[in-house]
Each structure stands twice: as structure tokens, then as C-alpha cells.
Amino acid sequence: MYQVVPGGAGGTNTDVIPKQKHSRDTRPLVGAGVIGLVLVVAAVTAWCYYIASIRKAELLKTQLLDLNKDGYIIRNQGGSIVFRMDFRSGTLDLDSCSKEGEMLSCGKTTDRKLNFFIETVRPKDTVQCYRVRWEELVPDIPVEHAMTYTFAHWYGGAVSAIQHWPVSIKGQQAPKPFVTSDIYANRNEFGGILESYWLSSNATAIKINNSVPFHLGWNDTEKTMSFQARYNDSPFKPNPGEEPCAELSYRVCVGLDVTSIHKYMVRRYFNKPNKVPAKVMFRHPIWSTWALHKTDIDQEKVLEYAANIRKYKFNCSQLEIDDRYTRRYGDYEFDPTKFPNATAMFQKLKSDGFPASLWIHPFVNYDSENFHTCVERRLFVREPTGRLPALVRWWNGIGGILDFTNPEARDWFSSQLRSLRSRYGVSSFKFDAGETNFLPWKFSTRTPIQDPSFFTRRYTEMAIPYNDRAELRSGYQSQNISCFFRPIDRDSVWGYELGLKSIIPTVLTISILGYQFILPDMIGGNAYLNRTEGIHVLPDRELYIRWLELIAFMPSMQFSIPPWEYDDEVVEIARKYTALHESIVAPRVLELASEVLDTGDPIIRPLWWIATGDETAYKIDSQFLIGDDLMVAPVLEPGKQERDIYLPAGRWKSYKGERFDIKEPLHLTDYPVDLDEIAYFVWV
């Protein structure tokens, strides 16, 4: 008999057991299928992201530029990185970026909207440029980009009190207004001649657009220069009726070598002179009363100075009557006590062959008889509301500064100069000052100006009627004024701070900025009290001689302290070098000056101009070229009668008659140069 057991055969468990066996057998297959499906989905997703990332990477490239959220890099044709710029004012939202043709644009940062683009432009087969613009849409947000300067040596920007070639960056400086300033009084500011242009030894150049409210800073720890646009806490102003939304826009160009890229940039972005000043200004020295007499000048001293120039048999292109020939600053009449018969003095100077120029400035002091007239006629720069004239302090007192954006002020100033010329036969004028530091921090002008340095430009325009012989010490976009530009006063010292060693770096910097007719201040410096190396009021004798030798190879020469204040030997050395300047230097300079009108190329050139492949040439600041075929190596150290000289490859003949036919650069160590000599070499 069978015993029936519940759940046994024939019970419900007889069905369950086979099902359990079936489930255990197929579970691995089901799991594998699910995993496989997940892997397929993941692979497809990864592939999609990969394709998207490739497309995004391609999107963020334009020619040789790679853009990322924090900045961009530029490579040269060989693939080497030559330029790097980091964004300091925001992180780009790359999902907002798009590319159309050669234009790469983005519409957002991670926290706000903006207008940003980089456009590739290829103006020549050998040049590639990138137009960059970052425009904020919210007022008072600064835009800042930081350029890494470690890839090369850099040149340009502005003259400075301590001038080096190439640019030497020390310490940290928050971005400050890039505007003209009197660096004799404000030695940490930017100088009176400046342009927002820099050039590097790796054939890269950057030009900031003139419309940018541009501030410049630096950090020698990070090795960066900061380019900033802002209106907040700044003398820059937006256009009338516009919100103060900052825009930083500039162009970066890369070429084959530093010389060719500079030539391209000058032809494309700089004004050029439209005429060459009077030839006699290049051939014969200017003689100024300033360093010799300062403000203690009178009719007798002027005539005695002229008589001594003739007595010691020197030529003269013109004689400058400097500061304090009037009773008060802002007058345009000779002080009758100091100049009892100015008309007779000018007639005597003219008959003796001395064209005479006068020192002039843009100020009218409050005690001048012209001050009330200028206030009544609203000829001064005014305080921000425009209701009252702004009083300013300058080195000779307190007064108003003429508003050269005002046609009436320009006409009034011009009429004063014309009157001096017609009454006395004045040959020209020495236009002093003009820098923006003499303006109030906040001010208003008849014609609104957004960039304070545009005031400098307007002032320099007053020299145009006299540009055959005129002299300016400040300049901004002023290359086409076509007169001589003078670096600010030098001290009678050897060093780089406004001393003898600063002259070559300063002249090279001004040349790179497009100013080629250069008057490198007075031989021996200005002999200021406590800023002079020498005995009593005269600069050191050796310093004076070395200064004289160097200036003989500049476009123009200027004396004030005359050589006869020393001894007969110094007089003979001075005669030797004024004659050498007239016979050897001036003809070369005049030939190059005529070419400047078309090309803008420097007359005084750095050694790398003809040696672009030599790293050593990029660092030399004590030698220079006149054109391509005359190389000059002055002695700039006290007590030295020898110096090391770098000769670029080529065929050279020294002033001693030695010949050097070299295929590689040559270093001449301890080359002998006597006190009455300057080393120079002519391309054979």
C-alpha cells in the first residue's frame, strides 16, 4: 500500500521542484544579458561623448591657437608655443562657444553673459594674426588677461625712469592706468612717450586697441604682464551716453622673425611722419641755455653764450632760450628787467647765424596776467562738473592747464606763439610737459576724451606748424607730428636710472614705438643739484666725454653745458665728434629719415635687427645700429678704456681700419677704446 504523504509525489511540491531546478540553470544567462546590454549602452554613450569631445576640441582650435576655459595658447609654424594668455576675469562656459569660419565666439562665463571672440586673420603668407575681444555686458566689471612673458624677450610699451632693453620686470604691480606721465617727478610711472604695443624675440607682437581703457600690471613671481580694461577707479571714461561696460580688445600677430613681424606691425598700426625735419637739425648741434643757467637766464647771458659758440668754432642749428624768460608762467612777453631789449637780442642772434627757439608749456599760473582771460573764456581744463576751471600743480607752481580739445584754447595758444614768431623772428619752440599726470584725476574737457593720453596727442598737435625745428617730450599716437621727440631730462650720472646707461635702451624703445626723429637730451645731462656725479655744478669730466661720444651717433646732438667749461682737450674732443657727426652720421641718418616716411622703420636699431637668429643679440643694451651697416659700441662705465664688443656675422671694418670677415658672431673681449674714442664698425 502506498502511504500518501502531503507534498510528496502527486502533491504541489512535485511541480515546484522542477521549476526550481530550471531557475538555477538559467540565472547566469539572464545576468550576462543584462550586463551586456549595460555595456553596450555605456559603450555607445562613451563613443558619443568621445565624438562630442573631439568635435569640441576641434571647435576650440583655430589655426595655430588652442582655446580653453581659462585662456589660450598660440604656436608657431614649427609647433612651439610662442604665446600664452590666461583669463583672470572669468572662466568661459565652453558649451556657449561656437565656430563659424575663422571666428570662434562664446556667449557666457560660468556665472554671466558676455561677448567674446577670437578671429584668425592671415594678412600675409608669413604673418598670422588673431583678433581677440572680451566684452562685459554688466557695468563696472573689469576685464583682465595675463600674458606669460617667459617664452621670449620683450620690447616696447613705454619709456621709464629705469630703462632696460629688453623689458625687465621686477616686483608686483596691480594694473594701473597706462597713460603718459612725467617720470622725472614720478619715477615709478609710465613715461611721456608710450604706445600699447609690445614685441618679442620669438616673432610675436601684441597691439592693444586704442579704444580700450587700458591698465597694465605685472608679477615677477608668476612671470606675467596683466592687461586690464576698466572704468571703475580709473581716469578712463566710457563714450558719452554709454554704460561703463569694459572691453579688452587686441591683436596678436606671429611672424617668421622679430624684424619682419615688427615691420608688419608698424606699417599696419602706427602713424608715420609725413615729412622730415630741417636737415640742419640733423647736421649741427642744438645749444640750450637750460643746464648751464637753469632759470637764471637774461639777455647778456644769451648773447655771451652765442658769442662763445662762435669763439670756439662750433656750428649751431638753433639756440634754445629755456625757462624763465618771462616774468610769470603763462605770460608771453619777455621780462623787461632780464631782457631790456629782446628785439635787439634776436636781431643780433640772427645776424650772427643763430636761429633762436623758445621754451613753451601748456600752463598759465594764477598770478599771470593771462589767467583771468583764460578763466573768462573757459580755455582751461575743468573740474568734472564743467562749472569751474581745475587748478593743477606743476614743477613751477599752480595754475590752469589749457584745454587743447577746445578749438578756442588751441587758437588762443597758437596766436601767442605766432605773435612771438612775428615779433622776434623765433625759429621754433621747445614744447615741454604735455603728460596726463598734470591733469586732475577727474576732469572734464570741451570735447570729451575717453583716454587721458589723448590730451597728450592734442598737445603735440600744437607743434605741427613748427615741426621743421620743434621739440616735444611727450607723445601718444603722435608719430605723424613729424618733429623731434626728446626723452625726459637725464641726470648727470652713469647708471640706468635716467643716466648715461639709460640712453641706448630709451632710444631703442622710442624707435620701436615708431618715433624716429629723436633728440636724446643734453650732453652730460642736466647737472641738477644732488643728481650729478662731478665737482661743483659740472658733470664729471669723463662722464661728459663718454656722453658726448655716444650722442655724436644719435640722430641729433644737443649741448647745454659747453665743452669750454672744462678744458682745451674736451673742446678738441667736442670738435672732433661734432665734425664726425656731420660727415659720417648725419648723411646716413638723413637717408634713413626719408625712408621712415614710407616704412616707419627705426633709424636707430637694435643688434637683433640684422641677427634675428642669435640669442645674444636680443640681450645687448649697450650697442646699436644706424641702419643696417653702422654698428656703435660706446664705453659706458667709469674708469674704463676697453669694453667687450659683440660683432654680428658679416664683413665689418672698424674705425681703426681692422677688418672682420666672419660667418658667425664674434665677441671681442677687452677691446681697447681710449678716452677720446668710441668704437664703431662699418659694414664693408
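Rules behind the numbers
- Residues numbered from 1 in each chain as written.
- Predicted model: local features only at pLDDT ≥ 70, side-chain atom pairs only at ≥ 80, totals over all residues.
- Heavy atoms only, no water.
- Helix = DSSP H or I, 4+ residues; strand = E, 2+ residues; numbered from the N terminus.
- Expected span 1.5 Å × (residues − 1).
- Buried < 20%, exposed > 50% of the residue type's maximum accessible area, 1.4 Å probe, protein only.
- Polar contact = N/O pair within 3.5 Å; in protein donor to acceptor, adjacent residues only side chain to side chain.
- Pairing = 2+ DSSP bridges.
- Axes fitted to C-alpha atoms, helices over the stretch in contact; angles between N-to-C directions.
- 1 Å grid on protein atoms, 1.4 Å probe; cavity = no way out; pocket = protein on both sides within 12 Å on 5 of 7 lines; lining within 4 Å.
- Points joined across faces, edges and corners; volume = space filled by probe spheres on them.
- Nonpolar A, V, L, I, M, F, W, Y, C, P; charged D, E, K, R; others polar.
- Disulfide = S-S within 2.5 Å.
- Core = buried A, V, L, I, M, F, W, Y, C linked by side-chain atoms within 4.5 Å.
- Contact = heavy atoms within 4.5 Å.
- UniProt positions renumbered as here; feature names shortened; annotations may be inferred.
- Salt bridge = Lys/Arg side-chain N within 4 Å of Asp/Glu carboxyl O.
- pLDDT = per-residue confidence, 0-100.
- Parallel < 35°, antiparallel > 145°, perpendicular 65-115°, else oblique.

**What about helix H2 (residues 258-269)?**
Residue pairs three or four apart in sequence face the same way in an α-helix, which turns once every 3.6 residues.
Then comes step 1: Its 12 residues place the ends of H2 16 Å apart at the C-alpha level, agreeing with the 16 Å of an ideal helix rising 1.5 Å per residue.
Then comes step 2: Looking at H2, one finds that the buried residues are Val258, Thr259, Ile261, His262, Tyr264, Met265 and Val266.
Then comes step 3: Looking at where H2 begins, the residue whose side-chain oxygen comes 3.1 Å from the main-chain nitrogen of Thr259 is Asp257.

**Things to note about the sheet that holds strand S12 (residues 194-200)**
Then comes step 1: Across the sheet, eight strands lie side by side as S5-S6-S7-S8-S16-S13-S12-S10; this open sheet has antiparallel pairing. Because the sheet does not close on itself, it has two edges, and the strands there are strand S5 (97-100) and strand S10 (154-158). Across the sheet, the mean angle separating the axes of adjacent strands is 15 degrees when strand polarity is ignored.

**Some thoughts on the layout of surface pockets**
Then comes step 1: Of the voids in this model, the largest pocket is the one considered here, and its volume is about 660 Å³.
Then comes step 2: Lining the largest pocket are 30 residues, with Ser160, Ile162, Val167, Ser168 and Trp218 sitting closest to its centre.
Then comes step 3: Listing elements by their share of the lining of the largest pocket, those giving two or more residues are S10, strand S11 (172-177) and strand S14 (214-219).
Then comes step 4: In terms of residue count, S10 provides more of the lining of the largest pocket than any other element does, five residues in total.
Then comes step 5: Among the residues forming the lining of the largest pocket, the class breakdown is 16 nonpolar, nine polar and five charged.
Then comes step 6: A volume near 390 Å³ is recorded for the second largest pocket.
Then comes step 7: If you trace the second largest pocket, you find 24 residues lining it, with Tyr184, Trp395, Arg473, Asp489 and Tyr528 closest to the centre.
Then comes step 8: Here the lining of the second largest pocket is composed, by residue class, of 10 nonpolar, five polar and nine charged.

**A word on the state of the cysteines**
Then comes step 1: Inspection of every chain in the model, using the stated rule, returns two disulfides.
Then comes step 2: The disulfide bridge from Cys97 ends at Cys106, spanning 2.1 Å between sulfur atoms. Given an S-S torsion of about 100 degrees, the disulfide between Cys97 and Cys106 has right-handed geometry. The exposure classification of Cys97 matches that of Cys106, with both residues buried.
Then comes step 3: Cys129 shares a disulfide with Cys253; S-S distance 2.0 Å. Measuring the twist about the S-S bond at about 110 degrees, one finds the Cys129-Cys253 disulfide to be right-handed. A residue pair is termed long-range when its members are at least 10 positions apart, and Cys129 in strand S8 (residues 127-136) and Cys253 in strand S16 (residues 247-254) qualify at 124 residues.
Then comes step 4: The exposure class of Cys129 is buried, given its relative accessible area of 0%.
Then comes step 5: The class of Cys253 is buried, set by a relative accessible area of 0%.

**As for the nonpolar core**
Considering soluble globular proteins, one finds that nonpolar side chains tend to be buried as a cluster.
Then comes step 1: Core analysis: the largest hydrophobic core is formed by 166 residues, its most contacted members being Phe431, Phe553, Trp608, Phe624, Ile626 and Phe681.
Then comes step 2: With sequence-adjacent residues up to four places away left out, Trp608 is seen in contact with Tyr155, Trp165, Leu199, Val258, Thr259, Ile512, Ala617 and Tyr618.

**Some words on the UniProt feature "domain: Glycosyl hydrolase family 31 C-terminal" (unreviewed entry) in the chain**
Then comes step 1: Here, the residues flagged by UniProt with the feature "domain: Glycosyl hydrolase family 31 C-terminal" (unreviewed entry) are residues 600-682.
Then comes step 2: Across residues 600-682, the secondary structure splits into 0% helix and 42% strand, with the terminal C-alpha atoms separated by 23 Å.

**Concerning the pattern of salt bridges**
Then comes step 1: Per the stated rule, a full pass over the model turns up 37 salt bridges.
Then comes step 2: A salt bridge links Lys69 to Asp70; its shortest N-O distance comes to 2.9 Å.
Then comes step 3: By relative accessible area, Lys69 is classed as partly exposed at 40%.
Then comes step 4: Exposure remark for Asp70: the relative accessible area of 33% places this residue in the partly exposed category.
Then comes step 5: Lys501 is the salt-bridge partner of Glu637, the closest N and O atoms lying 2.6 Å from each other. Here Glu637, found in the loop between strand S29 (630-633) and strand S30 (642-647), pairs with Lys501, found in the loop between strand S25 (484-485) and helix H10 (503-512); they are 136 residues apart in sequence, far enough to count as distant.
Then comes step 6: Judged by its relative accessible area of 35%, Glu637 falls in the partly exposed class.

**Quick look at the confidence of the model for the chain**
Then comes step 1: When the pLDDT values of the chain are averaged, the result is 92; 91% of them are 70 or greater.
Then comes step 2: Between residues 48-57, whose pLDDT stays under 50, and residues either more than four places distant or in other chains, the model counts three contacts.

**Comments concerning the packing of helix H11 (residues 541-551) against helix H12 (residues 568-599)**
Then comes step 1: For the pair H11 and H12, the least separation of the axes is 9 Å and the interaxial angle reads 10 degrees. Between H11 and H12, the crossing angle belongs to the class labelled roughly parallel. Of the residues in H12, those in contact with Arg541, Tyr544, Ile545, Leu548, Glu549 and Ile551 of H11 are Glu569, Val570, Ile573, Ala574, Tyr577 and His581.
Then comes step 2: Residues belonging to the contact of H11 with H12 are distributed by class as follows: eight nonpolar, one polar and three charged.

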